[in-house]
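# Working through the structure, step by step
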Amino acid sequence: MSKIRERQFDHESELTAPTPDTEHWIIYTQKKPEAPFKWAGSLNAPDLELAMQFAGEHYGLDEACVAFVVHHADQATDGPCGIEPLEPGNANGTDGPSWSVFTLPRRGGNLQQAGTINAADAETALARATTTFADGKFHQVRVVPSDQLFLCTGESTLIWRLHDMDYKFAKGYSKGVRAKWTRIRDKQSYEEYRKEDIHKHF
Amino acid sequence: MEAMLTNPLAVLILAHADDKLLLGHVQSDWTGLGPLLEEDIAASAMAQDDLSHALILYQFLGERYELDSDVIAFEREPVDYMCCDLVTKPDEFDWAEAVVKRWLIAEFTGMGIDRLSAIEDKELAARCNRIKPEQALQIKHLQAWIKRLGTAGPESQERIQAALDRLSGLAGMLFEVPGQRLPVNDDFCCGRDEMFKAWDASIQETLSQSNLKASFALPERSLIGGRRGTHASHFHDQFDELTEVRRVSPGASW
Amino acid sequence: MSGAANPVKPLEQTGHEDPDKLAEFEQHIANGGLIEPGDWMPDAYRMGMLGMAEHHANSEIIGALPEGEWITRAPSMRRKLALTAKVQDEVGHGQMLYRVSQELGKSRDDMLRDLVMGKTKYHNCFNYPAPTWGDIAMIQWLIDGAAIMNQKTLADGAYGPYVRTMNRINMEEAFHFKSGEDMVLTLMSGTKSQKNMCQDAFDRWWPVSLMFFGPADKPDAENKPAMKWRMKVEKNDSLRQRFVDRFAPAAMDLGLIINIVTKNEQGLVTSASPDEELVLNEETGNWSFTDPDWDEFWRVIRGNGPCNAHRLSLRRFSYEQGAWVRRAIGSGTTSLPPAA
């Protein structure tokens, strides 16, 4: 065993002083060019620079990713989340700065980018976004000032790696596992057993 | 194996590959124990980059010398590993030491990979071109961390400076001429002086922006260390761990 | 790695909630609806979800420790990369689940402090040792296999933020499980010492896997808040049965013997004999099996398992060792002197 991990520590009775949480950031990733940005997760970082680095090294490498956007959690304004899909309202107008709009396709689903609208404040932005984008298919709207949404593309900073990353995905093992199993088991019992796999991920 | 270990180009590649293997080995051990969860994840991604770069280079040599890349990685005699002593130096889970060490090595490797890709060998250049952008990302992140920690107040600055003081003496041995089976005056390792100057300049530039100081010296060509198979005791400790499971059943598939 | 073994504490409806709102909330869930953070929810639900997500997050970062011990010893480049990525995923899951918990009102720092001081729990299975490479194969095959079964049901729960996170996590669990399966298959197709290593590890982890899902639920569990509010959707015994039905025949086909074992204080096997209860009921398609030692389960959960002290001690070391970095990057605290 690695030596530090084996060590018996002699801890003081008092735990070291608290280290308060840093800022809360939200990340949306894009799987391929032209695809919408979809919610990937959130993280803590003290500032934008580290938030961008942490976002890339975690959410940018979990699954295919060509770009991601990050915003501070406080920059998001969420409308109410309807049990039923939202109906378009009648708030119109084009004055004011740009807001990026995200919509929630279903409760428990992931917010995804819908487009942008202009509005003088968040409340107006939510109303106009609902008018513009509500198509009877989503339950909630989020607006974020467009200038507070920070983009990283794989062209400006490497996100997805160039080396073979098969080792960290199920598909990198599926073929070999199947070959090894079918030397031992008949096809039917192997398929029965495989039913409990999470199919779409293998 | 013999043919590879006596070929000057293969030896130069092995020096970088072994640095990457042992650095990735030491750094991946941090996974799950980092100072904050987000950086734990990011540092582990870099350790995986290091291990992957080692693999890319072992695979290149494996194809050229008809050897299995895992055999090259795990089954040489210790004397034929060409990593420098800096990579295997235990950091005792001191984050300052880990960051400084990774940074000093990353800047060196970046230049080394550039040098390898300039050699007239299309296949080698193609492999190096896969490594380069990832290496550049690593250097960028590490420089940013050095600047951040060097300027984040006295506690942090003192820790980073202390780590630099402990490591700067060993850092020159990054430039040791590799390969104990080759003559030490072999000029294949060309441009050693120039590379050291460029590396030192790059390091000093970051230090000057980070409220930190260190000086480095290029050791005499004749000075022998890890790259020529005379490893520090910590290499042997790491090597024992690296090969522990494989030794349970030599030659088996894992 | 691990959706927790029944971490949902008994919840008491406090009675101070608005009965109309509560009825509406329960009807929405009974209709299969999901809860989003802006919705009205009973305090007991919020506290219950926080406890569940926090326990799960704790389990992820403690779960990174036993496997982390083997990164430096992994026997090939690919296995070394895979194990590093796997342990990294656990840390990532911990990070995501702490965020779910943070949004329910508790700071991450408080959660980490409560964890290392033993005020909150994590999954019991990480209090067992992993003395060989075979244990790494078994953890990824059996424990991650059990975790997938459990977490698939958690993804059918009612709390939107937890469901979203669980769906992302399950995507990565698929890799963990396949990689573990590949390791087990490789060892069992290998040399005699590899097979022995695998059987010995299986003896250590089979009973832990059976305990993974937690003890049997109370008979009226469906009517208690945890299930009524879809914080959990399947009973522990039912998940355990599905696990045995899937893994017992697979293990036997691999050439593994399913043993009843006794263990010493270090969690190492001192005696093993085949489980005579292990029989397939052709009618139901279910395998019967010998129950694991529930006395041991309670002993370990109370803190007296083979590795409880060591896991917490190493986690505390990491928390304290990294404090200066968090102080350095934290805003406005860097000029303070180090804590005395």
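If you're wondering where the values come from, they're calculated on a predicted model, not measured in any experiment.

Each value, and the rule that gives it
- Residues numbered from 1 in each chain as written.
- Chains lettered and ligands numbered in written order.
- Predicted model: local features only at pLDDT ≥ 70, side-chain atom pairs only at ≥ 80, totals over all residues.
- Heavy atoms only, no water.
- Helix = DSSP H or I, 4+ residues; strand = E, 2+ residues; numbered from the N terminus.
- Rg over C-alpha atoms; globule rule 2.2 N^0.38 Å.
- Buried < 20%, exposed > 50% of the residue type's maximum accessible area, 1.4 Å probe, protein only.
- Contact = heavy atoms within 4.5 Å.
- Axes fitted to C-alpha atoms, helices over the stretch in contact; angles between N-to-C directions.
- Parallel < 35°, antiparallel > 145°, perpendicular 65-115°, else oblique.
- Nonpolar A, V, L, I, M, F, W, Y, C, P; charged D, E, K, R; others polar.
- Polar contact = N/O pair within 3.5 Å; in protein donor to acceptor, adjacent residues only side chain to side chain.
- 1 Å grid on protein atoms, 1.4 Å probe; cavity = no way out; pocket = protein on both sides within 12 Å on 5 of 7 lines; lining within 4 Å.
- Points joined across faces, edges and corners; volume = space filled by probe spheres on them.
- Phe/Tyr/Trp six-rings, centres within 6.5 Å; stacked < 30°, edge-to-face > 60°.
- Buried area = accessible area lost by both parts, 1.4 Å probe.
- Salt bridge = Lys/Arg side-chain N within 4 Å of Asp/Glu carboxyl O.
- Domains from an automatic or database assignment.
- Pairing = 2+ DSSP bridges.
- Expected span 1.5 Å × (residues − 1).
- Arc of directions from axis to C-beta.

So, about the overall build of chain B. Scanning chain B from N- to C-terminus turns up 10 helices and zero strands. Taking 2.2 N^0.38 as the reference for a compact globule, 254 residues should give roughly 18 Å; the C-alpha atoms of chain B span a radius of gyration of 18 Å, in line with that estimate. Judged by the C-alpha coordinates and their principal axes, chain B covers about 55 × 40 × 35 Å. Considering chain B as a whole, with its 254 residues, one finds that 66% of them fall into the buried category. Counting contacts in chain B only where the partners sit at least 6 residues apart, residues at least 24 apart contribute 81% of the total.

All names here are of chain C. Remark: helix H7 (residues 192–212) packs on helix H9 (residues 236–254), axes separated minimally by 10 Å, with the N-to-C direction vectors making an angle of 160°. In terms of orientation, H7 lies roughly antiparallel with respect to H9. Of the residues in H9, those touching H7 at Phe202, Trp206, Ser209, Leu210 and Met211 are Arg240, Phe243, Val244, Phe247, Ala248 and Ala251. Along the lines of polarity and charge, the residues of the contact of H7 with H9 split into nine nonpolar, one polar and one charged.

Residue and element names in this part refer to chain C. By secondary structure assignment, the location of lysine 232 is in the loop between helix H8 (225–228) and H9. Taking the C-alpha atoms as reference points, lysine 232 and alanine 158, separated by 74 residues in sequence, lie 8.7 Å from one another. Among the polar contacts made by the side chain of lysine 232, one reaches the side chain of aspartate 217 at a distance of 2.9 Å.

Within this structure, the stated rule accounts for 13 cavities of 30 Å³ or more. When its volume is computed, the largest cavity comes out at roughly 220 Å³. Along its surface, the largest cavity is lined by 18 residues, and B:Pro35, B:Leu36, C:Arg108, C:Leu112 and C:Arg326 are the ones closest to its centre. Broken down by secondary-structure element, the contributors of at least two residues to the lining of the largest cavity are helix H3 (37–65) of chain B together with helix H4 (108–116), helix H11 (308–321) and helix H12 (323–329) of chain C. Here the lining of the largest cavity is built from residues that sort into seven nonpolar, five polar and six charged.

This brings us to the packing of aromatic side chains. For the structure shown, the criterion picks out 33 aromatic pairs over all chains. Where B:Phe93 meets C:Phe317, the ring centres are 6.4 Å apart and the plane angle is 70°; that geometry is what we call edge-to-face. Of this pair, B:Phe93 sits in the loop between helix H5 (85–88) and helix H6 (95–118) while C:Phe317 is found in helix H11, placing the two residues in two different chains. C:Phe317 carries the same exposure label as B:Phe93, and that label is buried.

Once that is clear, we can look at the side chain of B:Gln138. With respect to the helices, strands and loops of the structure, B:Gln138 is situated in helix H7 (residues 122–150). Contacts of B:Gln138, omitting those with residues within four sequence positions, involve B:Lys20, B:Met46, B:Asp49, B:Asp50 and B:Ala106.

What follows is about the interface of chain A and chain C. Listed as interface residues are 62 residues of chain A and, on the opposing side, 69 residues of chain C. Summed over both partners, the interface of chain A with chain C buries about 6000 Å², with 56% contributed by carbon and sulfur atoms. Here chain A and chain C share five salt bridges between them. Its salt-bridge partner being C:Asp39, residue A:Arg107 comes within 2.6 Å of it at the nearest N-O pair. Put simply, chain A and chain C have 35 residue pairs in polar contact (both at pLDDT 80 or more) between them. Of all the secondary-structure elements, those providing two or more residues to the side of chain A that touches chain C are helix H1 (3–6), strand S2 (38–45), helix H2 (48–62), helix H4 (171–184) and helix H5 (187–194) of chain A. When residues in the side of chain A that touches chain C are grouped by element, the largest group, seven residues, is from H4(A). For the side of chain A that touches chain C, the class distribution of residues is 27 nonpolar, 17 polar and 18 charged.

We now examine the interface of chain B and chain A. The partner chain A presents 25 residues to the 29 residues of chain B that form the contact. Across the chain B/chain A interface, buried area totals approximately 2300 Å², and carbon plus sulfur atoms make up 52% of it. Between the two partners, chain B and chain A, sit five salt bridges. Measuring nitrogen to oxygen at the nearest pair gives 2.8 Å for the salt bridge that ties B:Arg148 to A:Asp47. Residue composition of the side of chain B that touches chain A, grouped by class: 13 nonpolar, five polar and 11 charged.

Turning our eyes to something else, we now look at the domain arrangement of chain A. By the assigned domains, chain A splits into domain 1 (23–153) and domain 2 (166–201). A straight line from the C-alpha centre of domain 1 of chain A to that of domain 2 of chain A covers 37 Å.

Residues and elements named next belong to chain A. Here strand S7 (residues 140–145) lies mainly inside the structure; six of its six residues are buried. Along S7, one buried face is formed by Gln140, Arg142 and Val144 and the opposite face, lined by Val141, Val143 and Pro145, is buried too. Two elements, strand S4 (residues 77–78) and S7, share two bridges in a ladder whose sense is antiparallel. Considered in S7, the bridge of aspartate 78 is made with arginine 142.

The subject of this paragraph is H4(C). Counting buried residues along H4(C), eight of its nine residues qualify, which places the element largely inside the surrounding structure. Buried within H4(C) are the following residues: C:Arg108, C:Asp109, C:Met111, C:Leu112, C:Arg113, C:Asp114, C:Leu115 and C:Val116. Of the surrounding elements, those touching the buried residues of H4(C) are S2 of chain A, H3 of chain B together with helix H2 (43–68), helix H3 (77–103) and H11 of chain C. Downstream of H4(C) by a residue or two, C:Gly118 has a phi angle that is positive, lying close to 75°.

All names here are of chain B. When the terminal C-alpha atoms of helix H9 (residues 192–208) are compared, their 24 Å separation across 17 residues agrees well with the 24 Å that a helix rising 1.5 Å per residue should span. Along H9, the positions that sit buried rather than exposed are Arg192, Met195, Phe196, Trp199, Asp200, Ser202, Ile203, Thr206 and Leu207. Each buried residue of H9 sits inside an arc of 165° when the element is viewed along its axis, so together they form one side. Relative to its buried face, H9 has exposed residues pointing more than 90 degrees away, namely Glu194, Lys197, Glu205 and Ser208. Buried positions along H9 lie against H6, H7 and helix H8 (154–171).

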